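If you want the building blocks of each chain, they are given just below.
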Amino acid sequence: MSWVCPKCERELVKENQTHYCARISVDSLFKGKPDELVLVFDKLLAVVADWNDVLVSTTPHCIVFVHRKTFLVIRPMQKVLDVKFYSLAAQTGNPIINSVLYAGKYVNNVRLKTVDELTPHVFKFIYQSYQLL
């Protein structure tokens, strides 16, 4: 069950949940960014938004995916998408660029430029984060 803020129309997990209350469009986050980043995001969105009980919302700098808690954050940068997800163990090797322990779980980042970099391995990391949170 979700709740929609009457001011910003952001879909949230629970009523009156604390959030950044402003209307931000996904298109505005991709303004001036390469078209390929939009394709990468669209492919991610098409897969992840179909999982059970996933809420997708925007903030001034990123797109947030929530299951019970935030499990995926996508931040469009100038030439890449910074994709943040969570795990119980540190993740290493390609394509991981960062894995840091925070509040009992690891925060991991990958950077994607092209649709080809959006591999089954990357989707596996994201799905594990979805199951964890």
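Residues numbered from 1 in each chain as written. Predicted model: local features only at pLDDT ≥ 70, side-chain atom pairs only at ≥ 80, totals over all residues. Heavy atoms only, no water.

Brief notes about the sheet that holds strand β7 (residues 96-102)
- Sheet architecture is open: 6 strands sit in the order β3-β4-β5-β6-β8-β7, paired in antiparallel fashion. The open sheet terminates on both sides in strands that have one partner only, identified here as β3 (55-58) and β7. Sheet twist, expressed as the average angle between the axes of neighbouring strands with direction ignored, equals 20°.
- Here strand β5 (residues 70-76) runs beside strand β6 (residues 81-87); their pairing, made up of 5 bridges, is antiparallel. Within β6, the position partnered with L72 by the bridge is F85. (Pairing = 2+ DSSP bridges. Helix = DSSP H or I, 4+ residues; strand = E, 2+ residues; numbered from the N terminus. Axes fitted to C-alpha atoms, helices over the stretch in contact; angles between N-to-C directions.)

Some remarks on the nonpolar core
- Within the largest apolar cluster, 29 residues are counted, with the highest numbers of intra-cluster contacts made by L44, F65, F71, V83 and I126.
- Of all elements in the fold, only α2 (35-48), β4 (63-66), β5, β6, β8 (105-112) and α3 (120-132) reach the threshold of two or more residues within this core.
- When residues no more than four places from it in sequence are discounted, the contact partners of I126 are L44, V48, W51, F71, L72 and V83.
- Counting residues in hydrophobic clusters, the runner-up holds 5 residues, among them L55, C62, V66 and V73. (Core = buried A, V, L, I, M, F, W, Y, C linked by side-chain atoms within 4.5 Å. Buried < 20%, exposed > 50% of the residue type's maximum accessible area, 1.4 Å probe, protein only. Contact = heavy atoms within 4.5 Å.)

What to know about α3
- If you check α3, its first and last C-alpha atoms are 18 Å apart, about what 13 residues at 1.5 Å a residue would give, namely 18 Å.
- Along its buried surface, α3 packs onto α2, β5, β6 and β7. (Expected span 1.5 Å × (residues − 1).)

Digging into the packing of aromatic side chains
- Tallied over the entire structure, the rule returns 8 aromatic pairs.
- Between F30 and F41 the ring centres are 5.3 Å apart and the planes differ by 45°, which places this aromatic pair in the tilted class. Note that F30 is positioned in the loop between α1 (26-29) and α2 and F41 in helix α2, a separation of 11 residues in sequence. F41 shares its class with F30; the two are buried. (Phe/Tyr/Trp six-rings, centres within 6.5 Å; stacked < 30°, edge-to-face > 60°.)

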